[in-house]
Amino acid sequence: MPDALELLKTRRSFKPVELLPPGPTAAEIDTLLTIASRVPDHGKLAPWRFIVFEGAARRAAGAAIAQAFAAKYPDAKPEHIEAERERLTRAPLVVAVVSRAAPHVKIPEWEQVLSCGAAAMNLVLAACALGYGASWITEWYAYDRAVLDALGLAAHERIAGFVHIGRRPGVPEDRPRPPLAEIVTRFPTR
Ligand SMILES: Cc1cc2nc3c(=O)[nH]c(=O)nc-3n(C[C@H](O)[C@H](O)[C@H](O)COP(=O)(O)O)c2cc1C
């Protein structure tokens with residue numbers, strides 16, 4: 001179990017194809033989803049939910065992605081359509097984090113969306129804490145209505161991300177991070 005601060009200071013994403021089997025066990029998936037749902041949530045609305053894709057279900061969902069792709073690009077080559085079918089099989093576990101944010105009498109929709117982002121990030125961090133690698137991506141199919149219908153999303157629901165999880169292939173190279181001087185100001189005291 002990596003030290004929490006070290007994990008937060010060094011966490012990096014992997015590409016979905018780099019995430020190897022075996023994926024998390026059933027008990028670990030419960031742990032991941034329990035942690036993902038333990039986020040700040042103004043009004044206790046749970047403005048998010050999760051869809052788990054494992055094993056053959058990943059390819060079944062991929063069929064809907066391939067079908068939407070073929071409908072969008074009627075001239076697409078068969079190999080491109082087949083590649084779309086494999087979108088969710090790149091990593092052993094994929095969790096769709098779904099925003100259920102909606103107008104509410106008291107809680108701004110924006111705050112519900114932020115809570116959903118926190119849930120996705122908690123999921124990523126929980127996966128890393130369990131020793132796995134993770135990748136939070138959306139890609140085109142997160143915004144395609146036919147795919148969203150096939151995945152069972154209601155009209156007001158949106159995909160915050162498809163979090164891909166699997167065994168880490170090694171230690172990733174870092175990428176530049178914004179210098180604090182560029183993103184932090186201190187409010188003047190007069
Ligand atoms: C909502 C959201 C959607 C993203 N979608 C993609 C995506 O479709 N493709 C991609 O390469 N990265 C995507 N990213 C970025 C990756 O999650 C990741 O942050 C980046 O590739 C590397 O940064 P890291 O190593 O600090 O995690 C997305 C990030 C967020 C927050």
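Everything here concerns the structure above.
Residues numbered from 1 in each chain as written. Predicted model: local features only at pLDDT ≥ 70, side-chain atom pairs only at ≥ 80, totals over all residues. Heavy atoms only, no water.

Caption draft 1: Seen up close, helix H5 (residues 109–129). If you check H5, its first and last C-alpha atoms are 30 Å apart, about what 21 residues at 1.5 Å a residue would give, namely 30 Å. Along H5, the residues classified as buried are Gln112, Ser115, Cys116, Ala119, Ala120, Leu123, Val124, Ala126, Ala127 and Cys128. Each element contacted by the buried residues of H5 is listed here: helix H1 (4–10), helix H2 (26–36), strand S1 (48–54), strand S2 (93–99), strand S3 (132–137) and strand S4 (158–167). A positive phi of about 95 degrees marks Gly131, the residue just after H5. (Helix = DSSP H or I, 4+ residues; strand = E, 2+ residues; numbered from the N terminus. Expected span 1.5 Å × (residues − 1). Buried < 20%, exposed > 50% of the residue type's maximum accessible area, 1.4 Å probe, protein only. Contact = heavy atoms within 4.5 Å.)

Caption draft 2: Representation of the site of the ligand. For the ligand, the full set of nearby residues is Arg11, Arg12, Ser13, Trp136, Ile137, Thr138, Glu139, Ala160, Arg175 and Arg177. Trp136 places a main-chain nitrogen or oxygen 2.5 Å from an oxygen atom of the ligand. At a separation of 3.0 Å, an oxygen atom of the ligand approaches a polar backbone atom of Glu139. For the ligand, whose free accessible area comes to 620 Å², the fraction covered by protein is 60%. (Near = heavy atom within 4 Å. Polar contact = N/O pair within 3.5 Å; in protein donor to acceptor, adjacent residues only side chain to side chain. Areas by Shrake-Rupley, 256 points an atom, 1.4 Å probe, with all protein chains shown as cover.)

Caption draft 3: Here's a closer look at the environment of Asp174. In this fold, Asp174 is placed in the loop between S4 and helix H7 (180–183). Under the relative-accessibility criterion, Asp174 is labelled exposed at 52%. Through-space distance from the C-alpha of Asp174 to that of Leu20 is 20 Å; in sequence the pair is 154 residues apart. Among the polar contacts listed, one links the side chain of Asp174 to the side chain of Arg177, at a separation of 3.1 Å.

Caption draft 4: Looking closely at the layout of surface pockets. Size it by volume and the largest pocket reaches roughly 210 Å³. Lining of the largest pocket is provided by 12 residues; of these, Leu7, Thr10, Arg11, Arg12 and Arg168 occupy positions nearest its centre. Among the elements that take part in the lining of the largest pocket, H1 stands out by supplying three residues, more than any other. Of the residues belonging to the lining of the largest pocket, the class tally is six nonpolar, two polar and four charged. (1 Å grid on protein atoms, 1.4 Å probe; cavity = no way out; pocket = protein on both sides within 12 Å on 5 of 7 lines; lining within 4 Å. Points joined across faces, edges and corners; volume = space filled by probe spheres on them. Nonpolar A, V, L, I, M, F, W, Y, C, P; charged D, E, K, R; others polar.)

Caption draft 5: Looking closely at the sheet that holds S1. Reading across from one edge, S1-S2-S4-S3 is the order of the four strands in this open sheet, with antiparallel pairing throughout. The two strands at the open ends of the sheet, each matched to only one other strand, are S1 and S3. Direction aside, the axes of adjacent strands within the sheet are offset by 20 degrees on average. Where S3 and S4 come together, six bridges link them in antiparallel fashion. Bridge assignment links Ser135 to a residue of S4, and that residue is His164. Packed on one face of the sheet, H2 meets S1, S2, S3 and S4 and runs near 160 degrees to S1. (Pairing = 2+ DSSP bridges. Axes fitted to C-alpha atoms, helices over the stretch in contact; angles between N-to-C directions.)

Caption draft 6: The nonpolar core, seen in detail. Within the largest apolar cluster, 22 residues are counted, with the highest numbers of intra-cluster contacts made by Leu32, Leu93, Val97, Leu123, Ala127, Val163 and Ile165. Contributing elements (two or more residues each) for this core: H2, S2, H5, S3 and S4. It is H5 that provides the largest number of residues to this core, a total of eight residues. Apart from residues no more than four positions distant in its own chain, Leu93 is found in contact with Pro24, Ile29, Leu32, Val52, Phe53, Glu54, Val163, His164 and Ile165. By size, the runner-up hydrophobic cluster in this structure holds 18 residues, among which are Ile65, Tyr141, Val147 and Leu151. (Core = buried A, V, L, I, M, F, W, Y, C linked by side-chain atoms within 4.5 Å.)

Caption draft 7: The packing of aromatic side chains, seen in detail. Under the counting rule described, the total for this entry stands at six aromatic pairs. A centroid spacing of 6.5 Å and a plane angle of 50 degrees characterise the contact between Phe53 and Phe162, whose relative ring orientation is tilted. Highlighted residues: Phe53 in strand S1 and Phe162 in strand S4, separated in sequence by 109 residues. Under the relative-accessibility criterion, Phe53 is labelled buried at 5%. Pairwise contacts between aromatic rings join Phe53, Phe69, Tyr73, Trp140, Tyr141 and Phe162 into one cluster. (Phe/Tyr/Trp six-rings, centres within 6.5 Å; stacked < 30°, edge-to-face > 60°.)

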